[in-house]
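Spelled out from the first residue to the last, the chains are:
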Amino acid sequence: MMKEELETTNRPDNTAFTQQRLPAWQPMLSAGIVIPGFVLIGLAFIGIGVGLFITSQNITVLEKDYTGVETTSDCYKCSNPSDKNCTCKLEFSLSNLFEGPVFFYYGLSNYFQSQRSYGASKDEYQLSGDLDYFKTPVSACSPYQYDANQKPIVPCGSLANSMFNDTFKLYQIVNGTKKLVPFDGKGIAWWTDYNIKYRNPSVTPLKNAFNGTVKPSFWSKPAYELDTSDPSNNGFVNQDFLVWMRRAALPDFRKLYRRITEGDYASGLPAGNYSLEIAYNYPVLSFGGRKKVVFSNVSWMGGKNQFLGIAYLVVGSLCVVMSMVMLIVYAKFKFPEDD
Amino acid sequence: MLRRRLNRLFGRDERKVDSRTIYVGHRPCPATEALIPPKFCDNRIVSSKYTVWNFLPKNLFEQFRRIANFYFLIIFLVQVIVDTPTSPVTSGLPLFFVITVTAIKQGYEDWLRHKADNEVNKYLVTVLEDGRRACKESEKIKVGDVVEVVEDETFPCDLILLQSSREDETCFVTTASLDGESNHKTHYTVPDTERNLESLSATIECEQPQPDLYKFVGRMHIYRNNQEPAVRSLGPENLLLKGATLKNTQKIYGVAVYSGMETKMALNYQGKSQKRSAVEKSINAFLLVYLCILVSKALVCTTLKYVWQNRPGQDEPWYNQKTQKEKDANLYLKMFTDFLSFMVLFNFIIPVSMYVTVEMQKFLGSFFISWDKDFFDPEIQEGALVNTSDLNEELGQVEYVFTDKTGTLTQNNMEFIECCIDGFQYKYADSGTELDGFCVTDGPVNILQQKAGREKEELFLRALCLCHTVQVKEATGQGDGVADGVEDQVDGVMGLDGETVGPADLGGFIASSPDEVALVKGAMKYGFKFLGMESKNMRVMNRNNDVETYELLHVLNFDPVRRRMSVIVRTKSGDTMLFCKGADSSIFPRVRQEEVDRIRMHVERNATEGYRTLCVAYKLLSREEYDQADTGLREAKLALQDREEKLMAVYNQVETGMSLIGATAVEDRLQEEAAETMEALQGAGMKVWVLTGDKMETAKSTCYACRLFQRSTELLELTVRTLVDLGRKREERLHELLLDYHKRAVQDAPPIKAGVTRSWSSANQDYGFIIDGATLSLVLNSSPESNSSCYKSLFLQICQNCTTVLCCRMAPLQKAQIVKMVKNCKGSPITLSIGDGANDVSMILEAHVGIGIKGREGRQAVRNSDYAIPKLKHLKKLLLGHGHLYYVRIAHLVQYFFYKNLCFILPQFLYQFFCGYSQQPLYDAAYLTMYNICFTSMPILANSLLEQHICMEVLMDNAALYRDVAKNAMLGWGPFLYWTLLGVYQGLLFFFGVRFLFSNPALQDNGQVFGNWSYGTIVFTVLVFTVTLKLAMDTRHWTWINHFVIWGSLAFYMFFSFFWGGIIWPFLRQQRLYFVFANMLSSVSAWLIIILLILLSLLPEILLLVLRKPRGPHSRQKKPVVQSGVGETQSPRSSARPLLMKTFSDESNTIL
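These figures come from a predicted structure and were not determined experimentally.

Q: Explanation requested: the packing of helix α6 (residues 278-310) of chain B against helix α33 (residues 973-997) of chain B in the structure shown.
A: When two helices pack together, their arrangement is given by the angle between their axes and by how far apart the axes lie. Residue and element names in this part refer to chain B. It is the contact of α6 with α33, at a shortest axis distance of 12 Å, that shows an interaxial angle of 40°. The angle between α6 and α33 falls in the class oblique. As α6 packs across α33, the resulting crossing turns out to be right-handed. Within the contact between the two elements, α6 uses A285, F286, V289 and Y290 and α33 uses W973, F976 and T980. Of the residues in the contact of α6 with α33, the class split is six nonpolar, one polar and no charged.

Spelled out as structure tokens, the structure:
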């Protein structure tokens, strides 16, 4: 582009480019444009902000900590890590209809899924179903590469090993009897993760692919038994597994566990008393972590987030205020000049 | 006695001696006991740096010697060795790219040099060997070989001319390719060498090679059968330099004395030291700051990491256990590796690409200077020349302009105006074409309508015709193929008797100085024509059309120290006469006082009118006097050591007791638009110093003519004249004057510090300072007891407070001395030297920026300059237009680069607080690598090439705008801090904006959550858009290229992100960005936060941009039409409101 022949004759080329005279647009941000522009942007932002804020306000969230730190909590009994197969209950009541579809999240705090070595400790070839890597997992998986008998761990690595394994059952107490609220475990992971990125080895039955490998030490059952009822939700494409494998950005995070979209509860959780039965397996107290469950419905903007609406309102009003200030400045300095 | 000295010389070790001995034709000489062939280097010219074998190691070594490249290499090695968060590719790839491109460029340049070398080295030349003519490759010539060169060939090495095909034992050469002087120079054979070169037995003793083209000292011993050797002196007139071309001479024979890399040409091509611009120093300072930021970031992270890990449960939570190796590692080693890892993670803050972009900007940008058609001069058919692209921006920073007078301020196109003979003034009128063709005007003097005696007139005119070194240009119209044209032409000249049009008609003269031509032409107007030289005879046609011949005995050459030249001639009648012409100051003390009194008035009046005056004197030499002078000169010429001094002594001795005949006045017209240019430079806040070898009066009048001195300017004079005080020592007087001037110019002046408001201060007295060479050396080198440093600082302070300083009677070295002094004074101002002649080379090389004018005095100035322009008037556009723009462009480029990398890396740093200080990168590796290379590099490059924040015409019309950027204003710590704060603000905003959004990571309407890569991608998207839009806001001049690259970059980013996340990449283990970008775009919240953050981070910028708008934008953007102010209701605010202007310009520094 720049390389033109310098001198065919001695006289420089008389083109607009060489003479730096390319036609140019010289925008001038004059007050006449900027002040109305700011007002418009400000108003638009305030509008969006109001919309966001109201939307966010309308989202219902129910958040319950079930770590069991407080002695009053039912889960206190399970907080001892040596206690296996402990279940506890979390009871709550809704005074109004919890509008559906309701999304059921679990949350962990002070849990650093974002650590580099932790995040790197997986074998993506293995997880895409490449059987070669079932025998020799990548060294990044260490110390969860091989078990004590030098058998390869599949899926290898800390990330997979530490998969969240508390399970929940939600009952509505109707007239003293527990009515199970059906959970939908589909559609909780990214579509591309489920359909493309993670693949089971094309071996049937799936179990055979795992011959000669061992399950991660923390897991209670091997990968091919994650969901025995549904082959399309088993192995590496188990959606709980996929959700876990998508690392959270921050140490306090929540992950989608189930959706409540079926049966009587498709339109939401009716008012009433509920009991959440928790199979308490996942230890977090050793590193000062917390566990919680979150019921929430979502809107077009996702989950409840006051920040966005407030930020839009603030910036919008800032723009309007600034346009006022500018108008004053403009009036003060501009008009005398016209005299 | 001579013999004894010779033997002593021979006895010494060759290497320790400062002379070398050459055996002509390698023949042993009777005088030497045994021929020990001395070792000299061969005639290979090696200008290339590399060979095929050493290219790779040597080039790599050279490249990694650059501190920046070395730094990147270290980072790369750390990445390879230590387990680091980013792969070595991220920094290795850009580094590899840079190194390869540079290596290819340098390799190509070296290949060209090899080719050129080969062309020279393999050139076939004819060498006389044992009586036979043999063809040899040029590189095989050895010192002592006798070489034959034919017409229009260049000399293959430095030769002593032994024999010429011309009758008069001379040859003509042109040194156009050496110093650019295209006139034919006469060189002489060594007298008395035999015609038969095969039997010539001689040795040449000459000094060791030295680069001065015009100096050569040697002597030749010629041995004839058993006779005492004859000794002949050798001077530069006998030496034919490699690179010069033989002209008008069929062929010559010469003996090689210096060969290969020892030739004067080769010695001259070495060591033009590289100049570095102030911007580069600023970049280095900023780099240091960023390096500190980088190290402290890494330190903070490392420290916090270990503090944090000390808390219970954080070091090794059960879900992220360490490997055995990690557990075993030494704690301090781990800390150190962690530190290095953080360094690597944050190293993008100092990007490789900045160096590439800066280099590209400079290289490509410099084309605009050579492309500029305004610099094209139809007269010489050339435009501007850029010898270095490193200093483009320095053109916008000049504070001191040192200009030569002759040929720079003036045209160096001399015209004979008038003369004064014996106190009577003669002014030539064009109408007078009679033989007696000069009418006498009066002069303000009391002598009216009188003439000097006829003899005096004729003597004076003869003196003008004889006392010079002018050659008559040989006619060219006779057809090209005339082989023996020289003789023909000489004959032709002879046959010209009685013709009305002489060969020396208009423009037919060649001389090293145009003054001489003017004088010869002046004499012609009055009826005396110089017809040329014939062997040793000068031929002059007098008024009666008779040809007079004079034998030229000696030329006492002109030199700037003596400031005069003389010739000794013998008339037909046998009288020996000396004619001398020179500056009045050097002639007056050597003639009788009463003669001086008659002429001085004229000389001074002419000088004040701006003419160059020369005085002409003569002396009749008696036989004894001549013999004495003759032997003195010959002896001095033979001397090997201190030849100059000895010659000088003889000259001074001969040139005494002369009688003054008259004086001449030659006008040197001002260059076109010299005054306008100077006014513009001063308006732009530059201080103009005129450094000239000319005399004070002439220089002063030139300064007035150029409006450097105004009528109101108070002149402070510090010259020899003012120092003369009755019975007082010069130094005392000097001290007194300096103190006085200092008081007037510095202490009493209102305390305006140089720079900002000078030209508004019309109320203040302008001072002009005049100093001459003699006084200057007194100031600079005064005796130790009289505190010389005190003088110097006084002098400098005075000069700094004067608008114009005139230094006259300067020797070339003094010019450089002054430049150096100013350059090194407090605040180290940027200096610019402009000149056209060889005498300006030293100051051109010394100044920060050297400008050569493609003038008449040869090409040496152009060759040594950084930029060359055809005319002085082009300086205005070069500085005020190009310089200003270049500075603004590169300053913006540098600031922008640092800024964009700061806000790039800051979120990554902040993210460490949220990932347990584990060096987790926030952005994907592809983004880390591509950010500087692809996403944000082109817009800034285009901007820094095309931006015209103010258009060129306005910049040139308002010289004061140049002050806005003076003193490196846009790269000071203030603007740097502003940009840094902007970067920090935006970096914080990017990170925490997304951080608060992610307090609930369920950002999609299907309730799914986003992970860490989505986080990074959102931040990165905001980042790319913000820095690009920030640039868009800074762009004042949107050409289609700007549009293309700015919007193109953003589009490319989008496209790339889709593409990068769109497919499962084979050969890559990590597919971490798979569909992250597309998923991000499917989330309304992500869109909203991106828009919000972009707007919010640009808000302060917009605000500043708008808030300063109401205050006088018109003075910036006004079109030339507006400038005229006709019919404009809204008249531009210009200097009428300096205060507003000032506040405005102060702000603009930070914005742009």
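Back to the text.
Q: For this particular structure, what's the right way to read the sheet that holds strand β10 (residues 230-234) of chain B?
A: The strands that make up a sheet are held in pairs by hydrogen bonds between backbone atoms, and each pair lies either parallel or antiparallel. All names here are of chain B. Taken in spatial order, the four strands of this open sheet run β1-β8-β9-β10, and their pairing is antiparallel. Of all the strands in the sheet, the pair left with one neighbour each is β1 (19-23) and β10. Pairs of neighbouring strands in the sheet enclose a mean axial angle of 20°, with direction left out of account. Both strand β8 (residues 202-207) and strand β9 (residues 218-222) contribute to a ladder of five bridges, which runs antiparallel. Pairing of E205 across the sheet is with R219, part of β9.

Q: In this structure, what is going on with the interface of chain B and chain A? I would like to understand it.
A: How big an interface is tends to be expressed through the accessible area that disappears when the partners come together. Of the residues lining the interface, 104 residues belong to chain B; the matching set on chain A comes to 92 residues. Summed over both partners, the interface of chain B with chain A comes to about 9000 Å²; 61% of that surface belongs to carbon and sulfur atoms. In terms of surface lost to chain A, no three residues of chain B exceed B:W318, B:Y319 and B:W371, which account for 11% of the buried area on that side. Here A:D123 and B:R1069 are joined by a salt bridge, their closest N and O atoms 2.8 Å apart. It is helix α37 (residues 1084-1107) of chain B that contributes the most residues to the side of chain B that touches chain A, 14 residues altogether.

Q: Help me understand the pattern of salt bridges, please; the structure alone is not making it clear to me.
A: Opposite charge on two side chains allows them to pair when their charged atoms are near. All names here are of chain B. By the definition in use, this model includes 55 salt bridges over all chains. Salt-bridge contacts for K136 lead to D145; the nearest nitrogen and oxygen are separated by 3.2 Å. By the burial criterion, K136 is buried, and D145 matches it. Between E137 and K140 there is a salt bridge, with the nearest N and O atoms lying 3.3 Å from each other. Of the residues examined, E137 reaches a relative accessible area of 23% and is grouped as partly exposed. When its relative accessible area of 48% is taken as the criterion, K140 is described as partly exposed. Linked through salt bridges whose partners overlap, the residues forming this network are R44, K122, E137, E139 and K140.

Q: Would you explain the UniProt feature "active site" (unreviewed entry) in chain B in this entry?
A: Residues and elements named next belong to chain B. In this numbering, the UniProt entry assigns the feature "active site" (unreviewed entry) to D404. Looking at the element boundaries, D404 is found in strand β15 (residues 400-404). Apart from residues no more than four positions distant in its own chain, D404 is found in contact with L409, L691, K815, I834, G835, D836, D840 and M843. At 3.4 Å, the side chain of D404 and the side chain of T408 are in polar contact.

Q: What exactly am I supposed to notice about the UniProt feature "transmembrane region" (unreviewed entry) in chain B here?
A: According to UniProt, the feature "transmembrane region" (unreviewed entry) maps to residues 64-82, 285-308, 339-358, 976-998, 1013-1032 and 1044-1065 of chain B in the numbering used here. With 96% helix and 0% strand, residues 976-998 of chain B has its two end C-alpha atoms placed 33 Å apart.

Q: Is there a simple way to think about the state of the cysteines in this case?
A: Residue and element names in this part refer to chain A. For the structure on display, the rule yields three disulfides over all chains. Here C75 connects covalently by a disulfide to C88, the sulfurs 2.0 Å from one another. Handedness here is read from the sign of the S-S torsion; for C75 and C88, about 75°, the answer is right-handed. Here C75, found in the loop between β1 (61-65) and β2 (86-94), pairs with C88, found in strand β2; they are 13 residues apart in sequence, far enough to count as distant. Judged by relative accessible area, which is 2%, C88 ranks as buried.

Q: Please clarify how the packing of helix α28 (residues 874-911) of chain B against helix α29 (residues 925-935) of chain B should be interpreted in this entry.
A: All names here are of chain B. The N-to-C vectors of α28 and α29 enclose an angle of 170°; their axes lie 11 Å apart at closest approach. With respect to each other, α28 and α29 are oriented roughly antiparallel. The hand of the α28/α29 crossing is right-handed. Between α28, through F897, K900, N901, F904 and Q908, and α29, the contact on the second element is made entirely by Y927, L928, Y931 and N932. Counted by class, the contact of α28 with α29 contains five nonpolar, three polar and one charged residues.

Q: Please explain the sheet that holds strand β5 (residues 167-174) of chain A as it appears in this structure.
A: All names here are of chain A. In space, the four strands of this open sheet follow the order β2-β9-β5-β6, with antiparallel pairing throughout. Of all strands in the sheet, those bounded by a partner on one side alone are β2 and β6 (177-180). Along the sheet, successive strands turn relative to each other by an average axial angle of 30°, direction set aside. Examined bridge by bridge, β2 and strand β9 (residues 272-280) share nine bridges and lie antiparallel to one another. Bridge pairing links T87 to A279 in β9.

Q: How should I be thinking about the nonpolar core in this particular structure?
A: Within soluble globular proteins, side chains that are nonpolar generally end up buried alongside one another. With 197 residues, the main nonpolar core has A:F168, A:W244, A:L269, A:L276, A:F295 and B:F1020 as its most contacted residues. It is α28(B) that provides the largest number of residues to this core, a total of 18 residues. The contact partners of B:F1020, leaving out residues within four places of it in the chain, are B:F904, B:Y923, B:Y927, B:Y931, B:F935 and B:Y1053.

Q: What is the right way to read helix α9 (residues 352-365) of chain B from this model?
A: Because an α-helix packs 3.6 residues into every turn, residues spaced three or four apart end up facing the same way. Along its 14 residues, α9(B) runs 20 Å from first to last C-alpha, staying within 8% of the 20 Å computed at 1.5 Å per residue. All buried positions along α9(B) are accounted for by B:V352, B:S353, B:M354, B:Y355, B:T357, B:V358, B:Q361, B:K362, B:L364 and B:G365.

Q: Help me understand the confidence of the model for chain B, please; the structure alone is not making it clear to me.
A: As a general rule, the predicted coordinates of low-pLDDT regions are not to be interpreted in detail. All names here are of chain B. In this model, chain B carries a mean pLDDT of 79, and residues with pLDDT of at least 70 account for 83%. Note on residues 6-16: pLDDT under 50 across the span, and 14 contacts to partners over four residues away in sequence or across chains. Contacts from residues 752-763, a stretch scored under 50 in pLDDT, to residues over four places away or in other chains number 14 contacts. Across the assembled chains, the prediction reports ipTM 0.95 with pTM 0.79.

Q: Just to check I follow, could you spell out the UniProt feature "transmembrane region" (unreviewed entry) in chain A for this structure?
A: As annotated by UniProt and renumbered to match this structure, "transmembrane region" (unreviewed entry) occupies residues 33-54 and 310-331 of chain A. The distance separating the terminal C-alpha atoms of residues 33-54 of chain A is 31 Å; by composition the span is 100% helix and 0% strand.

Reading guide: rules and limits
Residues numbered from 1 in each chain as written. Chains lettered and ligands numbered in written order. Predicted model: local features only at pLDDT ≥ 70, side-chain atom pairs only at ≥ 80, totals over all residues. Heavy atoms only, no water. Axes fitted to C-alpha atoms, helices over the stretch in contact; angles between N-to-C directions. Helix = DSSP H or I, 4+ residues; strand = E, 2+ residues; numbered from the N terminus. Parallel < 35°, antiparallel > 145°, perpendicular 65-115°, else oblique. Left-handed = near helix turned anticlockwise from the far one by under 90°. Contact = heavy atoms within 4.5 Å. Nonpolar A, V, L, I, M, F, W, Y, C, P; charged D, E, K, R; others polar. Pairing = 2+ DSSP bridges. Buried area = accessible area lost by both parts, 1.4 Å probe. Salt bridge = Lys/Arg side-chain N within 4 Å of Asp/Glu carboxyl O. Buried < 20%, exposed > 50% of the residue type's maximum accessible area, 1.4 Å probe, protein only. UniProt positions renumbered as here; feature names shortened; annotations may be inferred. Polar contact = N/O pair within 3.5 Å; in protein donor to acceptor, adjacent residues only side chain to side chain. Disulfide = S-S within 2.5 Å. Core = buried A, V, L, I, M, F, W, Y, C linked by side-chain atoms within 4.5 Å. Expected span 1.5 Å × (residues − 1). pLDDT = per-residue confidence, 0-100.

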